[in-house]
Amino acid sequence: MIERLFPDKEVDKVESIGLKDLMDQGIKGVIIDIDNTISEWKLDPTENVAAWLEMLKSNGIKICLVSNNRRIRAEKLSRKLEVHAIYSAFKPRRKAFISAITLMGIKASETAVVGDQIFTDIYGGNRLNMFTIYVRPIADRDHWFVKIKRPFEKYVLAKFRVRDFEQKERRLMWKVSSGERKLKKH
Ligand SMILES: [Mg+2]
C-alpha cells in the first residue's frame, strides 16, 4: 500500500519544524538523517541548521543522527553538533531506528523521523509507527544510488500531496459546516 510510504508531515527545510509541532505529537526525541536533510552532500550544516538543533536540545528534545553514510561523516558531525549518531544504518531496516531510540531512552511512539528520502527515512520510520517528517532535499546533488530513486519518490509525493490537500479541504468544510469557522469572502 502506497500509504506506507506517506510521511505524516512535509516541510521545506528542517528549520521549519517548530518545537510546538513536535510537542503537539508528544515527541521526546528526533531521528535525523544527514545528507540533504541537515546538510548538503559532503558539506557541514549551515549555522541556521545548527541553531535549530540547539533550540531543540535546549528544550529537552533528544537528537540522534541516523545515516546510511559512513562512519567518518557521521562521527565528525556527531562531535561538531554534540548529538548521538549512528552510521551505516541500512535504512529502512529497523535495526538502526531501534538503536537510536535505545540511545535516546525513548519509545518509538515518542519519536519523530526527519529525512529527505521516502524509501529509507520515511518508510523506515513508518514501519515502527514513528511520526515521520519529509524534508525537501537541500540540493540536487546526490549519490547515484539515491538519484535513481528520485523519480519514484516524486510519484509517491504527488499522491501524498493530493491526499493531504483533500484531507485539509474536508477539515475546513467540516469547520465551516459546524460553524467553527467562516469562509473568507474575496
Ligand atoms: Mg538523505
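Structural data are supplied above this passage.
Residues numbered from 1 in each chain as written. Predicted model: local features only at pLDDT ≥ 70, side-chain atom pairs only at ≥ 80, totals over all residues. Heavy atoms only, no water.

(A) A look at helix 3 (residues 71-81). Regarding helix 3, the residues found buried are Arg73, Ala74, Leu77, Ser78 and Leu81. All buried residues of helix 3 fall inside an arc of 125° around its axis, so they share one side. Facing away from the buried side of helix 3 by over 90 degrees, the exposed positions are Ile72, Arg79 and Lys80. Summarising the contacts, the buried residues of helix 3 are in contact with helix 2 (47-58), strand 3 (62-66) and strand 4 (84-86). Glu82, located one to two residues past helix 3, shows a positive phi value of around 55°. (Buried < 20%, exposed > 50% of the residue type's maximum accessible area, 1.4 Å probe, protein only. Helix = DSSP H or I, 4+ residues; strand = E, 2+ residues; numbered from the N terminus. Arc of directions from axis to C-beta. Contact = heavy atoms within 4.5 Å.)

(B) Here's a closer look at unusual backbone geometry. The linkage connecting Lys91 with the following residue, Pro92, adopts the cis geometry, with an omega of 10°. Secondary-structure assignment places Pro92 in the loop between strand 4 and helix 4 (94-104). The phi angle at Glu82 is positive, at roughly 55°, despite the residue not being glycine. Even without glycine at this site, Phe90 takes up a positive phi of about 55°. Topologically, Phe90 is positioned in the loop between strand 4 and helix 4.

(C) Here's a closer look at the nonpolar core. Counting 25 residues, the largest nonpolar core has Leu22, Val30, Ile32, Ile38, Leu65 and Val114 as the members making the most contacts within it. Among the elements of the structure, strand 2 (29-32), helix 2, strand 3, helix 3, strand 5 (111-115) and strand 6 (131-135) are those that each provide at least two residues to this core. No other element matches the four residues that helix 2 contributes to this core. Apart from the residues within four sequence positions on either side, Ile32 is in contact with Thr37, Ile38, Trp52, Leu53, Ile63, Cys64, Leu65, Val66 and Val114. (Core = buried A, V, L, I, M, F, W, Y, C linked by side-chain atoms within 4.5 Å.)

(D) Examining the environment of Lys182 more closely. Within the element layout of this structure, Lys182 appears in the segment after helix 7 (150-177). Overall, the relative accessible area of 76% leaves Lys182 in the exposed class. For the pair Lys182 and Leu103, spaced 79 residues apart in the sequence, the C-alpha separation amounts to 47 Å.

This is a description of form; function is not addressed.
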